[in-house]
Amino acid sequence: LSLTNGGSVTLGSIVAFRAKKLVSEPATPSTDVTFIPNILEYNDGNAYNSSTGEFVAPATGLYTFSISYKAEIGNYQIIEKISLYLNSNLYECVAVGIAKDTQITASSITMKLNQGDVVKLVINTGTSTQTGTGTFSGFKVY
């Protein structure tokens, strides 16, 4: 980008994704399952891997992630927790003890990431035998 009085500025590229899972899948109770949506709505910058459910930071900076989730499970079963992981370590617990047909939304989880950091959403199935449905999205703030 050229400036009026001379000089130039290089702007960063757009990094943003949104993926959603419309079908709950069978899962073993009391296990951690990476939330892997089956529909990729957009993936600007190609930082989200729709096969693994992982976002890999293409550059160091601040990123914001949003999560919506619906526990679509059998009678009296509870999803133990939904968590956001950074490089295989728990970063933030988003929700705990989600009962059948409960909808949760967590927005504006902001993280400072280094290039190559990996972020993923993990569901602990608790007493449920399903993964649930929902969305996972994120973008680079700067």
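This structure is a prediction, so every number in the text was calculated from the model and none was measured. (Residues numbered from 1 in each chain as written. Predicted model: local features only at pLDDT ≥ 70, side-chain atom pairs only at ≥ 80, totals over all residues. Heavy atoms only, no water.)

Participant: Just give me the short version of the overall build of the protein chain, but keep the residues and values in it.
Facilitator: Helix and strand content of the protein chain: zero helices and eleven strands. Listing the helices and strands of the protein chain from first to last along the sequence gives β-β-β-β-β-β-β-β-β-β-β. Counting across all 142 residues of the protein chain, residues that qualify as buried make up 41%. Summarising the internal contacts of the protein chain: among those between residues at least 6 apart in sequence, 73% fall at separations of at least 24. Entry remark: accessible area of the protein chain is about 7,500 Å², with carbon and sulfur atoms responsible for 49%. Across the protein chain, the 9 positively charged side chains and the 10 negatively charged ones have centroids separated by 3 Å. (Helix = DSSP H or I, 4+ residues; strand = E, 2+ residues; numbered from the N terminus. Buried < 20%, exposed > 50% of the residue type's maximum accessible area, 1.4 Å probe, protein only. Contact = heavy atoms within 4.5 Å. Areas by Shrake-Rupley, 256 points an atom, 1.4 Å probe, with all protein chains shown as cover. Lys, Arg positive; Asp, Glu negative; His and termini not counted. Charge placed at Lys NZ, Arg CZ, Asp CG, Glu CD.)

Participant: Before we move on, can you summarise the side chain of K120 with the specific residues and values?
Facilitator: Here K120 lies in strand β10 (residues 118–124). With near-sequence residues (within four places) excluded, K120 lies in contact with T34, G53, E54, S83, L84, Y85 and F136.

Participant: Can you tell me about the packing of aromatic side chains, naming the residues and giving the values?
Facilitator: Counting across every chain of the model gives nine aromatic pairs. A centroid spacing of 6.2 Å and a plane angle of 75° characterise the contact between Y48 and F136, whose relative ring orientation is edge-to-face. Of the two residues, Y48 is situated in strand β4 (residues 48–49) and F136 in strand β11 (residues 133–140); the sequence distance between them amounts to 88 residues. Centroid distance F55 to F65: 5.4 Å. Interplanar angle 75°. Geometry classified as edge-to-face. Here F65 lies in strand β6 (residues 61–70) and F55 lies in strand β5 (residues 54–56), a separation of ten residues in the sequence. Of the residues examined, F55 reaches a relative accessible area of 1% and is grouped as buried. Given a relative accessible area of 0%, F65 falls into the buried group. (Phe/Tyr/Trp six-rings, centres within 6.5 Å; stacked < 30°, edge-to-face > 60°.)

All we've got here are geometric facts, nothing functional implied.
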